[in-house]
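# Summary of structural features
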Amino acid sequence: MKMFANHYSDTPHGESHPTISVSVLLTLLFVGAQWVIFVLAITTSVGEPTIYSGSNPFATVSMVVAMLLLVFLAVDLRRNRLEAHGGQRFQYIVFGLALTLLGAFMFFLVGAIQQGSLG
C-alpha cells in the first residue's frame, strides 16, 4: 500500500492513505464477484434452483462475509475520519455508496434465501 500513499508531513503518521479506502475496494470487489456468479448461475441453470436458492452454505457464507464487510466499512470510515482524510467530504459519499451497494446486496440475498426456502 505504500506505493499508493503520498508523503505528507501534516498527517499523524507522516503518510496519507490512498484516496479510496481498502474496505470500499473490497466491498466493490465482493459485490461485483457475487453479481458475476449470480448472472452465470442464472444463465446456465434456467428454471433450476441456483446456489442462492435456500439456505445453502454458499448463501450463508456470502451473508457472513457481507456482514463482516459492513463492520469493516464502519471501522474504516471512523479511522479515515480521524486520520489523513478527515477534511475531505467526498469520503462520506464514497462510503455511503459502498454501504448502499452492500445493503442492497444483503437485501437481495435475504430475499433469494427466503424465495428458495418457500418453493
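Just so we're clear, the structure is a prediction, and the values are computed from it rather than from any experiment. (Residues numbered from 1 in each chain as written. Predicted model: local features only at pLDDT ≥ 70, side-chain atom pairs only at ≥ 80, totals over all residues. Heavy atoms only, no water.)

### Section: the overall build of the protein
For the protein, the helix and strand inventory stands at 3 helices and 0 strands. Mapped from its N terminus to its C terminus, the protein presents α and β elements in the order α-α-α. Put simply, the protein has 119 residues, and 30% of those count as buried. Taking the contacts inside the protein whose residues are at least 6 apart along the sequence as the reference set, 68% of them involve residues at least 24 apart. Working note: accessible area of the protein is about 7800 Å², and carbon and sulfur atoms make up 71% of it. (Helix = DSSP H or I, 4+ residues; strand = E, 2+ residues; numbered from the N terminus. Buried < 20%, exposed > 50% of the residue type's maximum accessible area, 1.4 Å probe, protein only. Contact = heavy atoms within 4.5 Å. Areas by Shrake-Rupley, 256 points an atom, 1.4 Å probe, with all protein chains shown as cover.)

### Description of the side chain of threonine 27
Inspection of the secondary structure puts threonine 27 in helix α1 (residues 22-44). When its relative accessible area of 0% is taken as the criterion, threonine 27 is described as buried. Polar contacts involving the side chain of threonine 27 include one to the main-chain carbonyl oxygen of serine 23, which spans 2.7 Å. (Polar contact = N/O pair within 3.5 Å; in protein donor to acceptor, adjacent residues only side chain to side chain.)

### Quick word on α1
For α1, spanning 23 residues, the distance from its first C-alpha to its last is 33 Å, which sits close to the expected 33 Å at 1.5 Å a residue. Restricting attention to buried positions, one finds in α1 the residues Ser23, Val24, Thr27, Phe30, Val31, Gln34 and Ala41. (Expected span 1.5 Å × (residues − 1).)

### Brief notes about the packing of aromatic side chains
A full pass over the atoms with the stated rule returns 3 aromatic pairs. For the ring pair phenylalanine 30 and phenylalanine 105, a centre distance of 5.5 Å and an interplane angle of 90° mean the geometry is edge-to-face. Of this pair, phenylalanine 30 sits in helix α1 while phenylalanine 105 sits in helix α3 (residues 90-118); the two residues are 75 residues apart in sequence, bridging distant segments of the chain. Accessibility classification places phenylalanine 30 together with phenylalanine 105 in one group, the buried group. Each residue in the set Phe30, Phe38, Phe105 and Phe108 is aromatic and connected to the rest through ring pairs, giving one cluster. (Phe/Tyr/Trp six-rings, centres within 6.5 Å; stacked < 30°, edge-to-face > 60°.)

### Points about the confidence of the model for the protein
Close inspection of predicted coordinates is inappropriate for parts of the model with low pLDDT. Model confidence for the protein is summarised by a mean pLDDT of 77, while 71% of its residues fall at 70 or above. When mean pLDDT is taken per element in the protein, α1 scores highest with 89 and α3 scores lowest with 84. (pLDDT = per-residue confidence, 0-100.)

### What about a nonpolar patch on the surface?
Taken together, the side chains of Ile20, Leu25, Leu28 and Leu101 define a hydrophobic patch exposed on the protein surface, amounting to about 320 Å² of accessible area. Inspection of the secondary structure puts leucine 28 in helix α1. (Patch = residues over 30% accessible without salt bridge, like charges linked within 9 Å, V, L, I, M, F, W, Y side chains within 5 Å. Salt bridge = Lys/Arg side-chain N within 4 Å of Asp/Glu carboxyl O.)

### Comments concerning the nonpolar core
Within the largest apolar cluster, 17 residues are counted, with the highest numbers of intra-cluster contacts made by Phe30, Ala66, Leu73, Leu102, Phe105 and Leu109. Of all the elements in the fold, those that place two or more residues in this core are α1, α2 (57-82) and α3. In terms of residues, this core owes the most to one element, α3, which gives 8 residues. In this structure, phenylalanine 30 is in contact with Ser62, Val65, Ala66, Leu69, Leu102 and Phe105, ignoring residues within four places of it in sequence. (Core = buried A, V, L, I, M, F, W, Y, C linked by side-chain atoms within 4.5 Å.)

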